[in-house]
Amino acid sequence: MPLPFIVAWMPGSRKRVPPRPAHLPAGATDFRSRLAGVVSIAWVATGASLAHADRLAGATLAQQGGGGVPACMACHGAKGEGQAAAGFPRLAGQGQAYLLKQLQAFADGTRKNPQMAPIARSLSAAQMRDAADYYASLPGWRQAGAPHTPSAQYAQGLKIATEGDWTKEMPACFACHGIAGDGVPPHFPALAGQPMAYTQTQLNAWRRAQRTNDPLGLMQAVAEKMSDAEIAAVSRYLENPSRPGEEK
Amino acid sequence: MSFRTWYESQKRTRKFHPGWIVMTVGGTLLVAGVIAVPATLVAETAPPPAAAPSLPGASGHGKAPGEAMPKVIEQTPSPARLRNAKAIQVDFSPPSDEAMPTGEFGKAVRLGKAIFTDTQTYARQYVGNKLNCVNCHLGAGRKADSAPLWAAYGMFPAYRDKNKHVNTYEERLAGCFRFSMNGKAPAPDSKEMVALVSYSYWLAKGAPLGVELKGRGYPQLAEPSQKPDAARGKQVFEANCALCHGADGQGTEMGGRYVFPPLWGKNSFNGGAGMSTVKNAAAFVHANMPLGKGSSLSEQEAWDVAKYVDSQPRPPDPRKGKSS
């Protein structure tokens, strides 16, 4: 809420203010923007919501970068929706604690990633928290109009995600990640709506111990039981999962 | 010119005797035989190149029940099983969901599975806590060593010490509702009970009747070397269980549904449930917890954490005050 106020108040950003209605007298814009600025500063200064302040800083980081750090949105999309073709994950709506932990893991190497490691290392602890707060505040994945295209691979993915395969001690994804893969904060991230290439890469990273930041080694234990075909199938399914009861 | 006159004339020339043809052909065959026969013998004694390795326990999985022939196997004497070890157990794999029947019986089987995995929705009026059957019977009642339905079905009717009479399978299920679900049992002819029995029967299709199947119940642990201790158990709990079940043991709820079940308190099983016995809880925990990492805790840790969980407050045993 205060973000547009601040933008409107900042010098040089007048053009972002919507055109003044004709019935307003001259000078009203000035008054309005100043008032908005005073209100927003007062609002932030009272510390009514520290998280809000973090989100603002996080939004700036996400959209403009800062201190040598590229803008997050360059890869993760304008609304944090990710980039399916490149396999960059969706961040919007992901749990705050999870996002923060991942940034720390990129920095300390428990999650190996050539793109994210240098970025995470140049972020301060406060910046990490800001970015995590910001993306956690954005709306999460919602199934957009078009449902999946049915295929044998999708059906196999559905079965793995909802039932797992206990003949090889492989639990269902949704047993921990929530009924429809919506995530169970703070430890279990949302899976629904992640690009296929991303999920596939992560499952392989666990299998090859390139990612070792999971609590109790739970995810590693699952991934090492999965075949290539199972990883592909479940990644395909999770890109656009059906809601419970939609099948059958 | 006939062959015979040609033969006679050739004999007389003394340059080429036709007998040489016979000798050449005969000699070639002889040499070929000397090489070929031992080669055949060598090939026969060598091991067949593509002997498919057969994995124990994986046999028959995913096939129609008729194809999965139960096979008698020697039980491996793991310490976890020594306590109630039977001389032999029978391997069995339940049919896959794709083989679920259609028609009215199919509907009952499907409803049974729905009740089993989402008891809170499909058998709401019989449940007095926040648990679902699948919390203790993992994999929709399929997982071996997690009290699978297919291994229980063929073992009833049976005498039970718990109530001192012969129980039908329906009565056994009723016990689950009364104690583990802290609720009241559906009547034997109710649609819920019929559905649960149908689902169990279908999962057990093709299994021999009245025979101990491998993976039945929870594999009982040997007596612990140290007496189970709740204080040690608390540490095990905080390190391995609190992540999902919460430090307060109240589980994790998301959107009105429990992703991870509450382990004590008013939303959990009551004092008459099998899981409220340390021995059973330890066996379950050791074989199945943390989810996907069964047998990763030591047996002593399992005993201790079971002792800790079962020493927490929970709804009382409904039989209290009556003769059990």
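Quick notes on the rules
- Residues numbered from 1 in each chain as written.
- Chains lettered and ligands numbered in written order.
- Predicted model: local features only at pLDDT ≥ 70, side-chain atom pairs only at ≥ 80, totals over all residues.
- Helix = DSSP H or I, 4+ residues; strand = E, 2+ residues; numbered from the N terminus.
- Buried ≥ 20, exposed ≤ 12 C-beta atoms within 10 Å, placed from the backbone.
- Contact = placed C-beta atoms within 7 Å.
- Nonpolar A, V, L, I, M, F, W, Y, C, P; charged D, E, K, R; others polar.
- Axes fitted to C-alpha atoms, helices over the stretch in contact; angles between N-to-C directions.
- Parallel < 35°, antiparallel > 145°, perpendicular 65-115°, else oblique.
- Left-handed = near helix turned anticlockwise from the far one by under 90°.
- Domains from an automatic or database assignment.
- pLDDT = per-residue confidence, 0-100.
- Pairing = 2+ DSSP bridges.
- Expected span 1.5 Å × (residues − 1).
- Arc of directions from axis to C-beta.
- Core = buried A, V, L, I, M, F, W, Y, C linked by C-beta atoms within 7 Å.

Enquirer: Any details on the overall build of chain A? Residues and values, ideally.
Expert: Counting its regular elements, chain A contains twelve helices and zero strands. If you list the helices and strands of chain A from N to C, you get α-α-α-α-α-α-α-α-α-α-α-α. A burial count over chain A gives 38% of its 248 residues as buried. Within chain A, contacts between residues at least 6 apart in sequence are counted, and of these 65% link residues at least 24 apart.

Enquirer: Break down the overall build of chain B for me, citing the residues and quoting the values.
Expert: For chain B, the count of helices and strands is twelve helices and six strands. Out of the 324 residues in chain B, the part that is buried amounts to 40%. Counting contacts in chain B only where the partners sit at least 6 residues apart, residues at least 24 apart contribute 64% of the total.

Enquirer: Give a description of the interface of chain B and chain A that names residues and reports values.
Expert: Facing the 17 residues of chain B at the interface are 18 residues of chain A. Taken together, the elements giving at least two residues each to the side of chain B that touches chain A come down to helix 5 (138-141), strand 5 (252-254) and strand 6 (257-260) of chain B. Residues of the side of chain B that touches chain A, tallied by class, amount to seven nonpolar, six polar and four charged.

Enquirer: Give a description of the packing of helix 11 (residues 278-288) of chain B against helix 12 (residues 299-310) of chain B that names residues and reports values.
Expert: All names here are of chain B. Taken N-terminus to C-terminus, the directions of helix 11 and helix 12 make an angle of 125 degrees; their axes are 8 Å apart at the nearest point. In terms of orientation, helix 11 lies oblique with respect to helix 12. Every pair of crossing elements has a handedness; the one defined by helix 11 and helix 12 is right-handed. Listed contacts from helix 12 to V278, A281, A282, V285 and H286 of helix 11 are E299, A302, W303, V305, A306, K307, V309 and D310. Among the residues making up the contact of helix 11 with helix 12, the classes are represented as nine nonpolar, one polar and three charged.

Enquirer: I'd like a description of the domain arrangement of chain B, backed by residues and values.
Expert: All names here are of chain B. Taken domain by domain, chain B holds domain 1 (71-203) and domain 2 (230-310). The gap between the C-alpha centroids of domain 1 and domain 2 is 21 Å. Facing twelve residues of domain 1, the contacting portion of domain 2 comprises 15 residues. Its residues assigned to classes, the side of domain 1 that touches domain 2 shows five nonpolar, five polar and two charged.

Enquirer: Could you give an account of the confidence of the model for chain A, naming the residues involved and the relevant values?
Expert: Residue and element names in this part refer to chain A. On average, residues of chain A score 82 in pLDDT, and 75% of them are at 70 or above. Counting interchain partners and residues more than four positions distant, the pLDDT-below-50 stretch residues 1-22 has 27 contacts. In the model, residues 24-29 has pLDDT below 50 throughout and makes three contacts with residues more than four positions away in sequence or in other chains.

Enquirer: Describe the environment of L218 of chain A, and please don't skip the residues or the numbers.
Expert: Topologically, L218 of chain A is positioned in helix 11 (residues 218-223). For L218 of chain A, a count of 20 C-beta atoms within 10 Å puts it in the buried group. Along the backbone, L218 of chain A and E239 of chain A are 21 residues apart, and their C-alpha atoms lie at a distance of 22 Å. Leaving out residues up to four positions away in the same chain, L218 of chain A has contacts with P290, G292 and K293 of chain B.

Enquirer: How would you explain the pairing of strand 6 of chain B if you had to name every residue and give the values?
Expert: Residue and element names in this part refer to chain B. With three bridges joining them, strand 5 and strand 6 adopt antiparallel strand pairing. Pairing of M254 across the sheet is with R257, part of strand 6. Between strand 5 and strand 6, which pair antiparallel and follow one another directly, the connecting turn spans two residues, one of which, G255, has a positive phi of 55 degrees.

Enquirer: Quick one: what's the story with the environment of Q127 of chain A, residue by residue and with numbers?
Expert: Residue and element names in this part refer to chain A. Relative to the helices and strands, Q127 resides in helix 7 (residues 125-137). By the C-beta count within 10 Å, which is 20 here, Q127 ends up buried. C-alpha separation for the pair Q127 and A57, spaced 70 residues apart in sequence, amounts to 7.7 Å.

Enquirer: Describe helix 3 (residues 103-117) of chain B, and please don't skip the residues or the numbers.
Expert: Residue and element names in this part refer to chain B. If you check helix 3, its first and last C-alpha atoms are 21 Å apart, about what 15 residues at 1.5 Å a residue would give, namely 21 Å. Of the positions making up helix 3, those classed as buried are A108, V109, G112, K113, I115 and F116. Looking straight down helix 3, one finds that the buried residues subtend no more than 160 degrees of arc, so they occupy a single side. Within helix 3, the exposed residues directed more than 90 degrees away from the buried face are G103 and E104. Summarising the contacts, the buried residues of helix 3 are in contact with helix 4 (119-122), helix 5 and helix 8 (191-203).

Enquirer: Account for the packing of helix 8 (residues 152-163) of chain A against helix 12 (residues 228-239) of chain A, with residues named and values stated.
Expert: All names here are of chain A. Taken N-terminus to C-terminus, the directions of helix 8 and helix 12 make an angle of 90 degrees; their axes are 7 Å apart at the nearest point. If you check the angle between helix 8 and helix 12, you find them roughly perpendicular. For the pair helix 8 and helix 12, the contacting residues are Q153, Y154, Q156, G157, L158, I160 and A161 in the first and E230, A232, A233, V234, R236, Y237 and L238 in the second. Residues belonging to the contact of helix 8 with helix 12 are distributed by class as follows: nine nonpolar, three polar and two charged.

Enquirer: Talk me through the nonpolar core; I want residue IDs and the actual numbers.
Expert: Ranked by internal contacts, the top residues of the largest apolar core, which has 96 residues, are A161 of chain A together with A282, V285, V305 and A306 of chain B. For V305 of chain B, the contacting residues outside a window of four places in its chain are G233, V236, F237, C241 and V285 of chain B. The next biggest cluster of nonpolar side chains, apart from the first, holds 18 residues, and it includes L61, A92, L103 and A132 of chain A.

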